[in-house]
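Chain by chain, the residues:
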Amino acid sequence: MALRLYDTVTRTVRDFVPLEPGRVGIYLCGLTVQAGPHIGHLRSGVNYDVLRRWLAHSGYEVRFIRNITDIDDRILATSIQAGRPFWAIAYANERILSAAYDALGVLPPTYEPRATGHVPEMLELITALLADGHAYQAEDGSGDVYFDVKSYADYGALSGQRPEAMQAAPDGPERAKRDPRDFALWKGPKPDEPPDAYWPSPWGRGRPGWHIECSAMCQRYLGAEFDIHGGGLDLVFPHHENEIAQSRAAGLGFARYWVHHGLLNFGETKMSKSLGNVLDLDGVVALGVRPVELRYYLIAPHYRSRIDYSDEALREAGAAYRRLEGFVQRAAERVGAGEPGVLCAEFVEAMDDDLNTSRALGIVHDVVREGNSALAADRDDTVRGALGSVRAMLGVLGVDPLDPQWTFKEPGAELHDAVDELVLIALRQRDEARARKDYAAADAVRDGLKQAGILVEDTPHGPRWTIGGRP
RNA sequence: GGCGGGUUGGCCGAGUGGCUUAGGCAAGGGCCUGCAAAGCCCUGUACGCGGGUUCGAUUCCCGCACCCGCCUCCA
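Each value, and the rule that gives it
- Residues numbered from 1 in each chain as written.
- Chains lettered and ligands numbered in written order.
- Predicted model: local features only at pLDDT ≥ 70, side-chain atom pairs only at ≥ 80, totals over all residues.
- Heavy atoms only, no water.
- Helix = DSSP H or I, 4+ residues; strand = E, 2+ residues; numbered from the N terminus.
- Buried < 20%, exposed > 50% of the residue type's maximum accessible area, 1.4 Å probe, protein only.
- Contact = heavy atoms within 4.5 Å.
- Areas by Shrake-Rupley, 256 points an atom, 1.4 Å probe, with all protein chains shown as cover.
- Lys, Arg positive; Asp, Glu negative; His and termini not counted.
- Charge placed at Lys NZ, Arg CZ, Asp CG, Glu CD.
- Domains from an automatic or database assignment.
- Core = buried A, V, L, I, M, F, W, Y, C linked by side-chain atoms within 4.5 Å.
- Pairing = 2+ DSSP bridges.
- Axes fitted to C-alpha atoms, helices over the stretch in contact; angles between N-to-C directions.
- Polar contact = N/O pair within 3.5 Å; in protein donor to acceptor, adjacent residues only side chain to side chain.
- Expected span 1.5 Å × (residues − 1).
- Arc of directions from axis to C-beta.
- pLDDT = per-residue confidence, 0-100.
- Right-handed = clockwise from strand over helix to strand, strands pointing away.
- Phe/Tyr/Trp six-rings, centres within 6.5 Å; stacked < 30°, edge-to-face > 60°.
- Lys NZ or Arg CZ within 6 Å of the ring centre and 35° of its normal.

**Comments concerning the overall build of chain A**
- Counting its regular elements, chain A contains 15 helices and 15 strands.
- Each of the three principal axes of chain A carries a C-alpha extent, and together these read 95 × 50 × 35 Å.
- Counting only residues that meet the buried cut, chain A has 50% of its 471 residues in that class.
- Relative to all contacts within chain A whose residues are 6 or more apart in sequence, the contacts with residues 24 or more apart total 74%.
- When the accessible surface of chain A is totalled, it reaches about 21300 Å², and 52% of it is carbon and sulfur.
- Averaging the positions of the 52 positive and the 68 negative side-chain charges in chain A gives two centres separated by 2 Å.

**Re unusual backbone geometry**
- In this model, Phe237 is joined to Pro238 through a cis peptide bond whose omega is 5 degrees.
- With respect to the helices and strands, the residue Pro238 is situated in helix 6 (residues 236-249).
- One non-glycine residue, Leu355, lies in the positive phi region at around 55 degrees.
- The topology assignment puts Leu355 in the loop between helix 10 (345-352) and helix 11 (357-376).

**A closer look at the domain arrangement of chain A**
- Each assigned domain of chain A is listed here: domain 1 (4-261), domain 2 (298-407) and domain 3 (413-467).
- For domain 2 versus domain 3, the separation of C-alpha centres amounts to 28 Å.

**Some thoughts on the nonpolar core**
- Membership of the largest hydrophobic core comes to 124 residues, with the highest contact counts inside it found for Leu55, Ile228 and Phe347.
- With nine residues, the single largest contributor to this core is helix 9 (residues 311-335).
- Domain assignment of the residues forming this core places at least three in each of domain 1 (4-261) and domain 2 (298-407).
- When near neighbours in sequence (up to four residues on either side) are disregarded, Phe347 contacts Trp54, Ala360, Ile363, Val364, Met393, Val396 and Leu397.

**Some thoughts on the environment of Asp447**
- Within the secondary structure layout, Asp447 lies in helix 15 (residues 439-451).
- Judged by its relative accessible area of 46%, Asp447 is partly exposed.
- Along the backbone, Asp447 and Asp280 are 167 residues apart, and their C-alpha atoms lie at a distance of 35 Å.

**What about the sheet that holds strand 3 (residues 23-28)?**
- Taken in spatial order, the four strands line up as 4-3-9-10 in an open sheet, and their pairing is parallel. Strands at the two margins of the open sheet, each flanked by one partner only, are strand 4 (61-66) and strand 10 (254-261). In this sheet, adjacent strand axes meet at a mean angle of 25 degrees when their direction is disregarded.
- Of the strand pairs in this sheet, strand 3 and strand 9 (residues 225-232) are connected by three bridges, and their pairing is parallel. Across the sheet, residue Tyr27 finds its bridge partner in strand 9, namely His229.
- The sheet contacts of helix 5 (residues 212-222) involve strand 3, strand 4, strand 9 and strand 10, and relative to strand 3 the element is tilted by about 160 degrees.

**A short note on the environment of Thr32**
- In this structure, Thr32 sits in the loop between strand 3 and helix 1 (39-57).
- In this structure, the C-alpha to C-alpha distance between Thr32 and Arg74, residues 42 residues apart in sequence, is 8.5 Å.
- Within the local environment of Thr32, its side chain forms a polar contact with the side chain of Arg74, the two groups lying 3.2 Å apart.

**Overview of the sheet that holds strand 5 (residues 135-137)**
- Taken together, four strands build an open sheet; the order of strands is 5-6-7-8 and the sheet is antiparallel. Edge positions in the sheet fall to strand 5 and strand 8 (207-208), since each has one partner strand and no second.
- Where strand 6 (residues 145-147) meets strand 7 (residues 183-187), three bridges bridge the pair, whose relative direction is antiparallel. Among the inter-strand pairings, Val145 is bridged to a residue of strand 7, identified as Trp186.

**Quick word on helix 3 (residues 86-103)**
- Taking 1.5 Å per residue as the helical rise, helix 3 with its 18 residues ought to reach 26 Å, and the 26 Å between its terminal C-alpha atoms agrees with that figure.
- Within helix 3 the residues assigned to the buried category are Phe86, Ile89, Ala90, Asn93, Glu94, Leu97, Ala100 and Tyr101. Relative to the axis of helix 3, the buried residues are bounded by an arc of 130 degrees and lie together on one face.
- Those residues of helix 3 that are buried lie in contact with helix 1, strand 4, helix 2 (73-82) and helix 7 (281-286).
- Following helix 3 by one or two positions, Gly105 has its phi on the positive side, about 75 degrees.

**Quick look at the confidence of the model for chain A**
- Mean pLDDT over chain A: 92, with 94% of residues reaching 70 or higher.
- Overall, residues 170-174 carries pLDDT values under 50, and its contacts beyond four positions in sequence, including any with other chains, amount to three contacts.

**Considerations on the pairing of strand 10**
- Counting buried residues in strand 10 gives seven out of eight residues, a clear majority hidden from the surface.
- The β-α-β motif built from strand 9, the intervening helix 6 and the parallel element strand 10 has right-handed crossover chirality.

**Comments concerning the packing of aromatic side chains**
- Considering all chains together, one arrives at 13 aromatic pairs under this definition.
- With 6.0 Å between their ring centres and 85 degrees between their planes, Tyr297 and Tyr309 make a pair best called edge-to-face. Of this pair, Tyr297 sits in helix 8 (residues 291-299) while Tyr309 sits in strand 13 (residues 307-309), and the two are twelve residues apart along the sequence.
- Every member of this aromatic cluster is reached through a ring pair, and the members are Phe16, Tyr60 and Tyr257.
- The positively charged end of Arg178 is found above the aromatic ring belonging to Tyr136, 3.9 Å away from the centroid.

Take a look at the structure:
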């Protein structure tokens, strides 16, 4: 069975058939960088990272484009408020975003285009839309250019909205739209906005509307027609509807599959910068949860499910991950790390079924249980097989504990060998005490190590130690 | 008002017309251990409410309640 994906257009799970055999082009609407990312944003990056890894593992050559929106109303508002150039704010936040993605093991996209770097492509697209009568210049001298929604018959096909039934946007007195549903392709200058936020155009100085950038960048990097376009559920309307309208109206085939992920709620409502109820990566780390555990938390539910965030659920995910990690670590100590092995057929089936990571992780836990039993029974061949399989499956999900992504970045990792020597000295004393059945002395050593955050466990193959319960 | 999604055992979270059912966390019992820890085994129980279809529904249909998202910036 090959991959099946839920497509928002058809509202069904359907077979994924690429435009070109063996290749996949994906465009993911990235973030508007008027602030750093919260964990809801990071869910988006992680979800698509899993899709991308799964496609790559399935043998596809993946071209994955994830944009950065570095010019828009909110960035300009932040700029005015902070008294700093909008581009400085956007860039600083872009760096924070990249660092967060790195910390979560989100692979860099094939390319990460910025909106401001693609104004010429946007102008070209807008020019074509004007020429074909799909767009018009505002007659109030504002310099705005709008897309004429009535000129595109299929408007609303993605979101199921009927233009005539839609609530009219309260645009009020500003600007001259012919129809309230029309949306800006190009925005003329406004007196209260930073003067460096504008580019020359055939219609005077101005800046792009929000939607046109994605159409332009899709075309530039993925061509007129491409496989998958993704983003959060909240982008279905109007953003993606508008992208489709302007791209198709311009004669482009555009996206063949629309994949939208569920949002992350915080308390009663979605986590949102504008509502101020945000938790970011630093906040998660402050709770004592490692980035890899956050990643596990974000992929444990299906990508289309809503996540109602809670500290408790996050910590539970950490505990669940540590169970997997513990097996991998103990198995590697016994039989060597080896190489990632074969995926379970059921795992493949789950992933092919619209990326059912939840079920896939259930399979991994099953294999870990078998592996743990084999470990206890000294069936090393079985341990080796389970370890390879578990590592391969966790690798696809981006959470293989032995991936250098996670092993090389633990703070103080370089001290590990030194600590190991010191702990071994203590453990030798403990062994001597145990040999003469002086358990008080033996336990004193273990308690002392525990005070230092080092947990000692006895195994049939001798004692092993971990820091804070983590391998 | 329009469009869409949801309501699963103590918690998180998959899934399915009946069959063995996820899986994890937490809890209790057991095995192992000098004691622990880890691990393994066992236990518990669920499908919002009311109808309908069916031999049989948590799963399909209808209605109701509640929750959430979008229609305005939003991952």
